[in-house]
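# Residue-level structural notes
Listed below are the residues making up each chain.
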Amino acid sequence: LSRDKLDDDTWDEVEETLIGADVGVAATTDIVGKLRERARIHGTATATELRAMLADELVAALDPQMDRTLAARPQDGRPAVLLVVGVNGAGKTTTCGKIARVLVADGHTVVLGAADTFRAAAAEQLATWAGRVGAEVVRGPEGADPASVAFDAVKRGIDAGVDTVLIDTAGRLQNKVGLMDELGKVKRVVEKHGPVDETLLILDATTGQNGLEQARVFTEVVDVTGVVLTKLDGTAKGGIVIAVQRKLGIPVKLVGLGEGPDDLAPFDARQFVDALVGADA
Amino acid sequence: MFDTLSDRLSGIFTKLRSKGRLTDADVDATAREIRLALLEADVALPVVKAFVARLKERARGAEVSQALNPAQQVIKIVHEELVATLGGEARRLQFAKNPPTVIMLAGLQGSGKTTLAGKLARWLKAQGHQPLLVAADLQRPNAVNQLQVLGGRAGVEVYAPQPGNGVGDPVSVARESIEHARRQMRDIVIVDTAGRLGIDAEMMRQAVNIRDAVDPDEVLFVIDAMVGQDAVATAEAFRDGVGISGVVLSKLDGDARGGAALSVRHVTGQPIIFASTGEKLEDFDVFHPDRMASRILGM
Ligand SMILES: Nc1nc2c(ncn2[C@@H]2O[C@H](COP(=O)(O)OP(=O)(O)OP(=O)(O)O)[C@@H](O)[C@H]2O)c(=O)[nH]1
Ligand SMILES: Nc1nc2c(ncn2[C@@H]2O[C@H](COP(=O)(O)OP(=O)(O)OP(=O)(O)O)[C@@H](O)[C@H]2O)c(=O)[nH]1
Ligand SMILES: [K+]
Ligand SMILES: [Mg+2]
Ligand SMILES: [Mg+2]
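Everything numeric in this text was worked out from a predicted model, so none of it was measured. (Residues numbered from 1 in each chain as written. Chains lettered and ligands numbered in written order. Predicted model: local features only at pLDDT ≥ 70, side-chain atom pairs only at ≥ 80, totals over all residues. Heavy atoms only, no water.)

### Quick look at the sheet that holds strand 4 (residues 131-136) of chain B
Residue and element names in this part refer to chain B. What the eight strands build is an open sheet, ordered 5-4-6-3-7-8-9-10; its pairing is mixed. On the outer flanks of this sheet lie strand 5 (157-159) and strand 10 (284-286), each paired with one strand and no other. Sheet twist, expressed as the mean angle between neighbouring strand axes with direction ignored, is 25°. Direction of pairing for strand 7 (residues 218-224) relative to strand 8 (residues 246-250): parallel, over a ladder of five bridges. (Pairing = 2+ DSSP bridges. Helix = DSSP H or I, 4+ residues; strand = E, 2+ residues; numbered from the N terminus. Axes fitted to C-alpha atoms, helices over the stretch in contact; angles between N-to-C directions.)

### Describing the packing of aromatic side chains
Residues and elements named next belong to chain B. Taken as a whole, this structure holds five aromatic pairs over all chains when the rule is applied. Here the aromatic rings of Trp123 and Phe274 are separated by 5.1 Å at their centres, their planes lie at 80°, and the arrangement is edge-to-face. Here Phe274 lies in strand 9 (residues 272-276) and Trp123 lies in helix 5 (residues 113-126), a separation of 151 residues in the sequence. Between Phe221 and Phe238 the ring centres are 5.0 Å apart and the planes differ by 35°, which places this aromatic pair in the tilted class. (Phe/Tyr/Trp six-rings, centres within 6.5 Å; stacked < 30°, edge-to-face > 60°.)

### Description of the sheet that holds strand 8 (residues 264-266) of chain A
Residues and elements named next belong to chain A. What the eight strands build is an open sheet, ordered 3-2-4-1-5-6-7-8; its pairing is mixed. Two strands in the sheet have a free side with no partner beyond their single neighbour: strand 3 (136-139) and strand 8. Neighbour-to-neighbour, the strand axes of this sheet turn through a mean angle of 25°, independent of strand direction. Together, strand 1 (80-85), strand 2 (110-115), strand 4 (164-169), strand 5 (198-204), strand 6 (226-230), strand 7 (252-256) and strand 8 form the strand contacts of helix 4 (residues 92-105), whose direction differs from that of strand 4 by roughly 170°. The strands touched by helix 8 (residues 210-222) are strand 1 and strand 5; relative to strand 5, the strand with the most contacts, the crossing angle is about 160°. (Contact = heavy atoms within 4.5 Å.)

### Quick look at the pattern of salt bridges
For the structure on display, the rule yields 37 salt bridges over all chains. When the shortest N-O distance is used, the salt bridge between A:Arg40 and A:Glu37 registers 2.9 Å. Within this pair, A:Arg40 and its partner A:Glu37 are both found in helix 2 (residues 25-42), separated by three residues, close to a single helical turn. Owing to a relative accessible area of 58%, A:Arg40 belongs among the exposed residues under this scheme. With its nearest N and O atoms 3.1 Å apart, the salt bridge here joins B:Lys76 to B:Glu80. Of this pair, B:Lys76 and B:Glu80 are both found in helix 4 (residues 70-86), four residues apart, which corresponds to roughly one turn of the helix. Where salt bridges share partners, they join B:Arg54, B:Arg58, B:Lys76, B:Glu80 and B:Glu81 into one cluster. (Salt bridge = Lys/Arg side-chain N within 4 Å of Asp/Glu carboxyl O. Buried < 20%, exposed > 50% of the residue type's maximum accessible area, 1.4 Å probe, protein only.)

### Some points on the packing of helix 2 (residues 24-40) of chain B against helix 3 (residues 45-59) of chain B
All names here are of chain B. Closest axis-to-axis distance for the helix 2/helix 3 pair is 10 Å, and the angle between their directions is 150°. Overall, the two elements helix 2 and helix 3 adopt an arrangement that is roughly antiparallel. Every pair of crossing elements has a handedness; the one defined by helix 2 and helix 3 is right-handed. Within the contact between the two elements, helix 2 uses Val27, Asp28, Ala31, Ile34, Arg35, Leu38 and Leu39 and helix 3 uses Leu45, Val48, Phe51, Val52, Leu55, Lys56 and Ala59. Its residues assigned to classes, the contact of helix 2 with helix 3 comprises eleven nonpolar, no polar and three charged. (Parallel < 35°, antiparallel > 145°, perpendicular 65-115°, else oblique. Left-handed = near helix turned anticlockwise from the far one by under 90°. Nonpolar A, V, L, I, M, F, W, Y, C, P; charged D, E, K, R; others polar.)

### Some thoughts on the site of ligand 1
Near ligand 1 lie 24 residues; those nearest to it are A:Gly91, A:Lys92, A:Thr93, A:Thr94 and A:Glu259. Those residues lying near ligand 1 are distributed over chains A and B. Within the backbone of A:Gly91, a nitrogen or oxygen atom sits 2.8 Å from an oxygen atom of ligand 1. Contacts to ligand 1 include A:Gly256, whose backbone N or O atom sits 3.3 Å from an oxygen atom. Surface burial for ligand 1 is 96%, taken as the share of its 660 Å² of free accessible area covered by protein chains. (Near = heavy atom within 4 Å. Polar contact = N/O pair within 3.5 Å; in protein donor to acceptor, adjacent residues only side chain to side chain. Areas by Shrake-Rupley, 256 points an atom, 1.4 Å probe, with all protein chains shown as cover.)

### Points about the interface of chain B and chain A
Counting residues at the interface gives 37 residues for chain B, matched by 39 residues for chain A. For the pair chain B and chain A, the summed buried surface comes to about 3,200 Å²; carbon and sulfur atoms form 54% of the total. For chain B, the biggest contributors to the area lost against chain A are B:Met226, B:Asp255 and B:Glu279; these three give 18% of the whole. At the boundary of chain B with chain A, the tally comes to four salt bridges. We note a salt bridge from B:Asp253 to A:Lys176, for which the minimum N-O separation is 2.5 Å. (Buried area = accessible area lost by both parts, 1.4 Å probe.)

### Remarks on the confidence of the model for chain B
For chain B, the average pLDDT comes to 92, and 94% of its residues sit at 70 or higher. Confidence metrics for the complex model read pTM 0.96 and ipTM 0.96. (pLDDT = per-residue confidence, 0-100.)

### A few points about the nonpolar core
Residue and element names in this part refer to chain B. Grouped together as the largest cluster of nonpolar side chains are 105 residues, with contacts concentrated most on Leu86, Leu120, Ile190, Leu220 and Ile296. With eight residues, the top contributor of residues to this core is helix 4. Apart from the residues within four sequence positions on either side, Leu220 is in contact with Leu93, Ile103, Met104, Leu105, Ala106, Leu120, Gly246, Val248, Ile273 and Phe274. (Core = buried A, V, L, I, M, F, W, Y, C linked by side-chain atoms within 4.5 Å.)

### Focus on a negative patch on the surface
A contiguous patch of negative charge, built from A:Asp7, A:Asp8, A:Asp9 and A:Asp12, is present on the exposed surface. Here A:Asp7 is to be found in the segment before helix 1 (8-20). (Patch = residues over 30% accessible without salt bridge, like charges linked within 9 Å, V, L, I, M, F, W, Y side chains within 5 Å. Lys, Arg positive; Asp, Glu negative; His and termini not counted. Charge placed at Lys NZ, Arg CZ, Asp CG, Glu CD.)

### A closer look at the site of ligand 2
Taken together, 23 residues form the shell around ligand 2, and within it B:Gly112, B:Lys113, B:Thr114, B:Thr115 and B:Arg140 come nearest. With respect to ligand 2, the chains having nearby residues are chains A and B. The separation between an oxygen atom of ligand 2 and a polar side-chain atom of B:Arg140 is 2.4 Å. B:Glu279 is positioned such that a nitrogen or oxygen atom in its side chain is 3.0 Å from an oxygen atom of ligand 2. Starting from 650 Å² of accessible surface for ligand 2 in isolation, the protein chains cover 96%. Examining the composition of the shell around ligand 2, we find that four residues originate from one element, helix 5 of chain B, more than from any other. Along the lines of polarity and charge, the residues of the shell around ligand 2 split into two nonpolar, 13 polar and eight charged.

Next comes the structure, spelled out in structure tokens:
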């Protein structure tokens, strides 16, 4: 037993790294439990070895085999339709602009639908992004029915034969039943044109344990297919996505790394985990 | 999901002899449950540690009566400590001796600054003040329009000499706004600034320059109640970077437990003054530490 340098302090540090990254108590307890078991079996002796093992465990928790490509390419001559949802201020509108930027750079044509008809100057903000990245914007009058703006945007996309329609929606907290119903309606109305190819939940990396509840409720209402983890350029680690992946099986597809049009990257589980455990190593 | 703290503590206290002092083992077991509850409420780890240590001090040897439900008695102690840490009574805004009073808003991207600017303007106007809103976020797309719309709703003038979207110097706008406020006989100036990260040195320097240009009576740090463990790093960065005189918690109409309140209060030592509780301008209240304590404890 004397070979084992893994004292209580080391285990406390592991736990604190995870808790401090917003992984959450439940997921942390589970991950540390698995790690203890593996450390025992492998006779892991040093804290450095343990760190590497922890990183592996976290990568595994993020299911690296999962498909993280964005369903943004047209199929059967019909534009791909993406719905962008999330709580207030998470980065939805910015992310719509950034995704459009990537698509346009790849030679695709994009329509942005301004289905946030509620927040002050939300449509103008999306229009500014459209101008920046070379996309067309479809908007309705302020206070218009968001579902009808979304419907019109997809219709415009189909008529104009574009490749992708991205629909920006108003921020809403998931405990607001009326607003969540409204979002469900936006999706149902858009589906009159055909299926929505991707519903992206925008999660702010600074979010704590409420992020899991956000993912749960938004998925219940609009069947989220992927997460975009924004503001990862700050000091927050975004560990809540580990809990989201474990509990709900929803993969992170993209990460936001700034406010500029090019500050978007594909999610890389290994890179994410290294940043998560790295700071305290 | 999780048992309530009350249920968990009841579990511990069923083993307690009727009417007695808490033993060290009781205190440790209790402290563990409280630590968990606070972590699940997003209170930052170093703050949890400090808080639980203080609590243990107070609980050690405390008289607990079985008849009066020991779990509730301990929760009462925790609740009292939380209220005390969160600031006891609410503090009022500091007004300048020589108007205009200048209130500068600062915080991370998307935390709720611009919305708060509109809310403050509306609230202060209703109290008979003549506020001026200043559009000093010239960076985020259409931040200026957003403030103009909100100013329109509040019936308050918006000083927006620059279009924004990357055009114009926020420091000059802020500086000139004070002169403008004097000319227009405004007694309060509310300066909306761009969202920024704590680690963005250049943007923090800009915040300092805006601050120095307007010499604010209040620098209000606006933080989203959903924030997790990062609350400490961010609050430290704004405290050290631009200085904070008060805190506003936003999006309290959500169902996040809001442990960030405790973290920010612990780190900055500055009072939490207001609660932002919705998207509409009237969704705004002074901060109530007792309600916040109950919320953090899931009561
Ligand atoms: N640092 C950083 N800031 C970001 C990122 N993504 C968005 N932001 C900023 O976050 C703020 C909010 O972004 P928006 O795109 O307006 O968020 P939203 O979800 O559309 O907000 P609402 O529509 O009001 O709910 C803006 O200041 C953005 O510039 C990111 O990845 N990193
Ligand atoms: N539900 C709710 N939403 C809020 C509250 N405060 C602000 N919001 C919303 O949160 C989003 C961001 O608010 P803003 O006021 O634009 O935030 P900001 O800090 O100015 O953002 P940037 O200027 O981009 O850094 C908007 O959708 C607001 O309507 C609140 O208390 N509750
Ligand atoms: K980070
Ligand atoms: Mg938006
Ligand atoms: Mg703003």
